[in-house]
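Coordinate analysis (summary)
Here is what each chain is made of, one letter per residue.
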Amino acid sequence: MKAQEKPSSVTFNIYGGNNQILPNATQAVQNFCNQECSASANESVDTSLTGALEKEKEALSIYIDHAEDLKAYVTQLASCRCARDLGEVVATICQKEPRVTADIIVKQRFIELLLPFVPSWKQGRTIDNIRVAINNAWVARKKAVKSSLR
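Residues numbered from 1 in each chain as written. Predicted model: local features only at pLDDT ≥ 70, side-chain atom pairs only at ≥ 80, totals over all residues. Heavy atoms only, no water.

In terms of nonpolar packing, the biggest core is built from 34 residues, with L60, Y63, L77, L86, I105, F110 and I130 touching the most fellow members. Only α3 (67-78), α4 (83-96), α5 (108-114) and α6 (127-149) provide two or more residues apiece to this core. In terms of residue count, α4 provides more of this core than any other element does, seven residues in total. Leave out the neighbours within four places in its chain, and L86 touches L77, C80, L114, V118, W121 and I130. (Core = buried A, V, L, I, M, F, W, Y, C linked by side-chain atoms within 4.5 Å. Buried < 20%, exposed > 50% of the residue type's maximum accessible area, 1.4 Å probe, protein only. Helix = DSSP H or I, 4+ residues; strand = E, 2+ residues; numbered from the N terminus. Contact = heavy atoms within 4.5 Å.)

This is the structure:
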């Protein structure tokens, strides 16, 4: 007989962010990264996007002051899987960037600047669908900010 193994103890410390506990889920994917892993993951996304999307990045840079912020936003955009995700990223950009206003984020020319950075989408890439998602995310963000000030 095998010696009885002592069960391992695992502790998760979660600070901020969105967390979900899904006891009835049939499938879940969870990725843990240390600093080296996250740096290499960001580099791999940037490497694949850098060569092909330099013109698109340059066009988007007129709205975003700092190159580091632009790089972060491009990485976030590349990870979007649907219009709702894109709306959340755009709401963050609008909240943080002084040149990006509520009027600009729903314009067709701004939305078209974002589309090259979301290549994994198969459906829902219409301007109208994305505009609705951006409006919903922006309204929810403004509501959350208002309620936090009370």
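The rest of the description comes next.
One pass over the structure, following the stated rule, counts three salt bridges. For the salt bridge of D65 with R99, the shortest nitrogen-to-oxygen distance reads 2.9 Å. Pair noted here: D65 is in the loop between α2 (54-60) and α3 and R99 is in the loop between α4 and α5, with a separation of 34 residues, a long-range link. D65 sits in the partly exposed class, given a relative accessible area of 39%. Notably, a salt bridge pairs R141 with E88, separated by 3.4 Å at the nearest N-O pair. With R141 in helix α6 and E88 in helix α4, this pair connects stretches of sequence that are 53 residues apart. Taking the relative accessible area as the measure of exposure, E88 reaches 38% and is therefore partly exposed. (Salt bridge = Lys/Arg side-chain N within 4 Å of Asp/Glu carboxyl O.)

Let us look at the confidence of the model for the protein. Per-residue pLDDT for the protein averages 80, and the proportion of residues at 70 or more is 65%. The spread of mean pLDDT over the elements of the protein runs between helix α1 (residues 35-52), the lowest at 50, and α4, the highest at 95. When the criterion is pLDDT under 50, residues 37-46 qualifies, and its contacts beyond four places in sequence or with other chains add up to six contacts. (pLDDT = per-residue confidence, 0-100.)

Glancing now at the packing of α4 against α6. Where α4 meets α6, the axes come as close as 8 Å, and the angle between the chain directions of the two elements is 50 degrees. Between α4 and α6, the angle falls in the class oblique. The hand of the α4/α6 crossing is right-handed. Seen from α4, the contacting residues are A83, R84, L86, G87, E88, V90, A91, T92, C94 and Q95; seen from α6, they are N129, I130, A133, I134, A137, W138, R141 and V145. Grouping the amino acids of the contact of α4 with α6 by side-chain chemistry returns 11 nonpolar, four polar and three charged. (Axes fitted to C-alpha atoms, helices over the stretch in contact; angles between N-to-C directions. Parallel < 35°, antiparallel > 145°, perpendicular 65-115°, else oblique. Left-handed = near helix turned anticlockwise from the far one by under 90°. Nonpolar A, V, L, I, M, F, W, Y, C, P; charged D, E, K, R; others polar.)

Next up on the list: the environment of A133. Relative to the helices and strands, A133 is located in helix α6. Judged by relative accessible area, A133 falls into the buried class, the value being 11%. Each C-alpha atom, one on A133 and one on R84, is 5.2 Å from the other, the two residues being 49 residues apart in sequence. For A133, the residues in contact, after removing those within four places along its chain, are A83, R84 and G87.

Glancing now at α3. Along an α-helix, a turn takes 3.6 residues, which lines up residues three or four apart on a common side. In a regular helix each residue adds 1.5 Å, so 12 residues correspond to 16 Å; α3 covers 16 Å between its end C-alpha atoms and thus fits that length. Within the span of α3, buried status applies to L70, Y73, V74, T75 and L77. (Expected span 1.5 Å × (residues − 1).)

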